[in-house]
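Architecture and fold: a report
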Amino acid sequence: MANTTLNDRALIRLSGDDVQGFLQGLVTNDVAGNLPVWAALLTPQGKVLFDFLVWGDEDDLLLDCERDAAEELTKRLTIYRLRRAISIVREEELAVHWAPLGDLGVPDPRLPALGQRWLAPRGAGEEGADANWRAHRLSLGVAEGRAELGDGTTLWLECNAAELSGVSFTKGCYVGQENTARMNWRQK
C-alpha cells in the first residue's frame, strides 16, 4: 500500500492564548505532554461525542478528526471557548496522511501496528484509499468516528480508550472525567 491521504479526516486548528490549557480542561488525554495523542470530548456522563488525535505545540494545536463531524466539533469547542482569545478554524492547507509501514511521520499513538501518520500539504499521497486504512484499522480492532464509537451513546472506556492510550487518569479534570475515573477505579 502506498502513502495515503485520509480524505475522511479533517483538521481543526486551535491557536491563541493558552490554547493548550483550554483543551487540557476539556478532553480525556494529557495534551501538555508528547503529541500526538488520541483523545475525546465527552458528555458530562462520560459518553463519547467526538474522538480525535491532537497534534502541535503549546501555542498551536491541530485536531485530526472525522471529516463529517468537524463542523459540529468546531461549534462545540466554540461554545466552551467563552471569552478566551482562541481561534478555532478548519485547516484546509494540510491533510492527514498514513502509511502502514515506513519511516514517514510518527507511529499512530493508539497502537503502533496501525502504521505511521503525518500531516502534510494536500496531494502529497495517494487519493481515495480510505478503504485500505479502514480495513487495516478494523483488522486490529480499533474503532474511530461516531458511526463506530456512538454519538453520545457509548462510554469512553467501553471503546478500549485505556488500552489504546486515549485517557489520562493523572492529568486532572475534564468533561466526563468523574464517571470515566469511577469506572476505571471500580474495575481494579
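In this report, we go over the structure that sits alongside the text. (Residues numbered from 1 in each chain as written. Predicted model: local features only at pLDDT ≥ 70, side-chain atom pairs only at ≥ 80, totals over all residues. Heavy atoms only, no water.)

Quick word on the overall build of the protein chain
Cut-off, in case you're wondering: Secondary structure follows DSSP: runs of H or I at least 4 residues long count as helices, runs of E at least 2 residues long count as strands, and numbering of each begins at the N terminus. For the radius of gyration, the atoms used are the C-alpha atoms, and the globule rule reads 2.2 Å times the number of residues raised to 0.38. When accessible area is computed with a 1.4 Å probe and restricted to protein chains, residues below 20% of their type maximum are described as buried, those above 50% as exposed, and intermediate ones as partly exposed.
Of the regular secondary structure elements, the protein chain holds five helices and nine strands. For the protein chain, the sequential pattern of α-helices and β-strands runs β-β-α-β-β-β-α-β-β-β-β-α-α-α. In terms of overall size, the protein chain behaves like a compact globule, its C-alpha atoms giving a radius of gyration of 16 Å where 188 residues would be expected to give roughly 16 Å. Taken along its principal axes, the extent of the C-alpha atoms in the protein chain is 40 × 40 × 25 Å. Within the protein chain, the proportion of its 188 residues that are buried is 49%.

Structural notes on unusual backbone geometry
For the peptide bond that leads from Leu35 to Pro36, omega is 10°, which places it in the cis range. Residue position: Pro36 is located in the loop between α1 (19-24) and β3 (37-42). In this model, Asn160 sits at a positive phi of 60°, which is unusual for a non-glycine residue. On the secondary structure map, Asn160 appears in the loop between α4 (146-149) and α5 (177-186). Here Ser165, not a glycine, exhibits a phi torsion of approximately 55°, which is positive.

A few points about helix α3 (residues 130-139)
Formally: It is the directions from the helix axis to the C-beta atoms that the arc portrays. Contacts between residues were defined by any pair of non-hydrogen atoms, one from each residue, lying within 4.5 Å.
Regarding α3, the residues found buried are Asp130, Trp133, His136 and Arg137. Down the axis of α3, the smallest arc covering the buried residues is 130°, so these residues share one side. Summarising the geometry of α3, the exposed residues directed more than 90 degrees from the buried face are Ala131 and Ser139. Contacts from the buried residues of α3 go to β1 (4-5), β7 (94-99), β9 (116-121) and α4. Looking one or two places after α3, you find Gly141, whose phi comes out positive at around 75°.

Re the side chain of Asn29
Test applied: Here a polar contact is taken to be a pair of N or O atoms separated by no more than 3.5 Å, where protein atoms must pair a possible hydrogen donor with a possible acceptor and residues adjacent in sequence count only if both atoms sit in side chains.
Relative to the elements of secondary structure, Asn29 occurs in the loop between α1 and β3. From its side chain, Asn29 meets the backbone oxygen of Trp38 in a polar contact 2.8 Å long. Setting aside anything within four residues of it in sequence, one finds Asn29 in contact with Gln24, Val37, Trp38, Ala39, Ser165, Gly166, Val167, Ser168 and Lys171.

None of the figures reported here should be taken as evidence of function without further support.
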